[in-house]
Amino acid sequence: MNSQFPILALNSNITQLIKKIPSADILDNIKEGLNNEIRFIDQDCPISDVAKIVKSPMDGKSYVSLSAAYCQYLWLMCSIIIKEIDLSVVMEECKRCGVTLEQFIEGTKQAVSLSQEQVLEQIPLEYKGINIEQYIDYLKRIPELLNIEEFCKLQKYYIKLLVELMEQETFNLGDFSAIDVNTPYGEKINSVYCFGICFILLHEASHFALGHLDKVSPAIQDEVEADFSSFGSIYSDISENEKFSANCGVLCALFSLLYLNPTIEPDNIHPTEDERIFKVYECIKNDNPKYIVILVQFFKYWAEIYQIIDFPPNLQNTEDSVDRIKDFLAEYKKIKA
Ligand SMILES: [Zn+2]
């Protein structure tokens with residue numbers, strides 16, 4: 001029987017990643033008394049508290065406490081949405097080229113057996129500028145993605161696990177041992193996940209660096225600043241070819257907070273989760289059209305999982321849908337207020 005969440009195997013990847021983000025000044029924070037190591041809570045139970053800075057009574061040093069159950073939660077969300085995005089891209093591609101899904105799969109299977117040069121020759125004109133290794137990786141993931149029956153089964157199972165991670169009554173650690181982080185898809189999901197955790201950790205470290213911890217009463221502005229500082233460090237330090245994964249990770253982390261507070265109850269400390277999501281989304285939306293897909297699909301899943309009443313139906317991945325979601329949220333929060 002597994003005694004811990006499979007996701008903890010990725011801890012060293014996160015440490016490596018944080019080293020790539022010098023503008024977060026983690027080293028300076030450590031000099032100022034922030035303990036270098038992350039202490040995990042919730043190692044065999046549902047999520048109690050996502051992440052926070054705790055001052056140790058022993059040596060007076062501060063350290064980051066991070067929920068292992070939350071890490072698993074975030075990974076599941078990354079997995080669900082990345083597959084959803086890729087599927088929607090493939091579906092659109094099929095429609096555009098007038099081929100069936102089966103023909104598309106057959107085509108990618110053939111392409112995978114070719115050499116890099118041959119793939120380069122056959123690549124569709126609009127992909128000519130693409131990184132060829134990333135493109136071949138993408139082709140390799142296609143069969144796993146397009147086994148629609150398996151796809152739906154796995155998405156449903158992951159959603160069930162998400163719910164388990166929030167509830168003591170249904171929680172069973174053994175259910176998580178079925179998770180495989182080493183599928184052809186794993187690498188991509190793991191990278192997005194690590195950026196998501198990185199965002200959460202740097203958010204906490206920013207509170208430390210910006211002196212928020214010494215304040216008597218927490219202010220909403222502090223939370224806005226911590227988000228901005230964390231996202232800003234990641235966005236400015238990460239190389240172009242990792243930027244998409246990084247931004248996806250930040251969005252996944254922010255959506256995970258929405259899912260953990262699905263009725264958007266204000267806590268009077270943080271801006272509401274949807275406000276935090278849109279703040280980052282506005283900064284990156286022009287970088288890549290796929291961010292619209294993330295936004296729309298995550299909100300659709302939210303409405304479905306938590307049975308949000310009157311959520312707009314039949315949303316496509318368009319700007320117009322984003323506006324409709326914004327209008328809906330404004331009404332939704334007004335009714336609740
Ligand atoms: Zn905070």
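Anything mentioned here points back to the structure above.
Note that the coordinates shown come from a computational prediction; the quantities given were computed from them, not determined experimentally. Residue positions within a chain follow its written sequence, with the count starting from 1. Totals for whole chains, interfaces and linings use all residues, but because this is a predicted model, local features are given only for residues with pLDDT of at least 70 and pairs of side-chain atoms are given and counted only at 80 or more. Based on all heavy atoms of the structure, the side-chain values leave hydrogens and waters out of the count.

## Quick look at the pairing of strand E2 (residues 51-55)
Side-chain direction in a regular strand flips from residue to residue, so the side chains alternate between the two faces of the sheet.
Stage number 1. One requirement defines pairing of two strands: DSSP has to find at least two bridges between them. The numbering of helices and of strands both runs from the N terminus, where a helix is a DSSP run of H or I of at least 4 residues and a strand a run of E of at least 2. Bridge analysis of E2 against strand E3 (residues 62-67) gives five bridges, and the strand direction is antiparallel. By the bridge assignment for E3, alanine 51 is matched with leucine 66.
Stage number 2. The hairpin turn running from E2 into E3, its antiparallel successor, is six residues long, and glycine 60 in that turn takes a positive phi close to 75°.

## With respect to the packing of helix H8 (residues 186-209) against helix H10 (residues 240-260)
Stage number 1. The N-to-C vectors of H8 and H10 enclose an angle of 60°; their axes lie 7 Å apart at closest approach. With respect to H10, the axis of H8 lies oblique. Once H8 is placed against H10, the crossing between them reads as right-handed. For the pair formed by H8 and H10, the contact residues are Ser191, Val192, Phe195, Gly196, Phe199 and Ile200 on the first element and Glu242, Ser245, Ala246, Cys248, Gly249, Val250, Cys252, Ala253 and Leu254 on the second.
Stage number 2. Residues belonging to the contact of H8 with H10 are distributed by class as follows: 10 nonpolar, four polar and one charged. The convention used is that axes are lines fitted to C-alpha atoms, helices contributing only their stretch in contact, and that angles between N-to-C directions extend from 0 to 180 degrees. Our angle categories are set so that under 35 degrees counts as roughly parallel, over 145 as roughly antiparallel, 65 to 115 as roughly perpendicular, and the remainder as oblique. Note on convention: the crossing is left-handed when the near helix lies turned anticlockwise from the far helix by less than a right angle, right-handed when the turn is clockwise. The criterion used for residue contact is that any of the two residues' heavy atoms lie within 4.5 Å. As a working rule, the residues Ala, Val, Leu, Ile, Met, Phe, Trp, Tyr, Cys and Pro are called nonpolar, Asp, Glu, Lys and Arg charged, and the rest polar, with Gly in that last group.

## Considering the coordination of the zinc ion
Stage number 1. Counted as coordinating are nitrogen, oxygen and sulfur atoms within 2.8 Å of the metal, or 3.2 Å for Na, K and Ca, while water is not included, which may make sites look incomplete. The protein atoms that coordinate the zinc ion are His203 (NE2), His207 (NE2), Glu223 (OE) and Glu223 (OE), at distances spanning 2.1 to 2.8 Å.
Stage number 2. Here the zinc ion is ringed by four donor atoms whose angles at the metal span 51 to 137°, and the overall shape comes out irregular.
Stage number 3. Mapped onto the sequence, the residues coordinating the zinc ion show the spacing H-x3-H-x15-E. Taken together, the residues span about one helical turn, with histidine 203 and histidine 207 both in helix H8 at a distance of four residues. Histidine 207 matches histidine 203 in its accessibility class, with the two residues each being buried. Geometry is assigned from the angles between donors: four donors with all angles from 85 to 135 degrees make a tetrahedral site, four or six donors whose opposite pairs exceed 155 degrees while the rest stay between 65 and 115 make square planar or octahedral sites respectively, and everything else is labelled irregular. The buried label applies to any residue whose accessible area, calculated with a 1.4 Å probe on protein chains only, is under 20% of its type's maximum; exposed applies above 50%, and partly exposed to all values in between.

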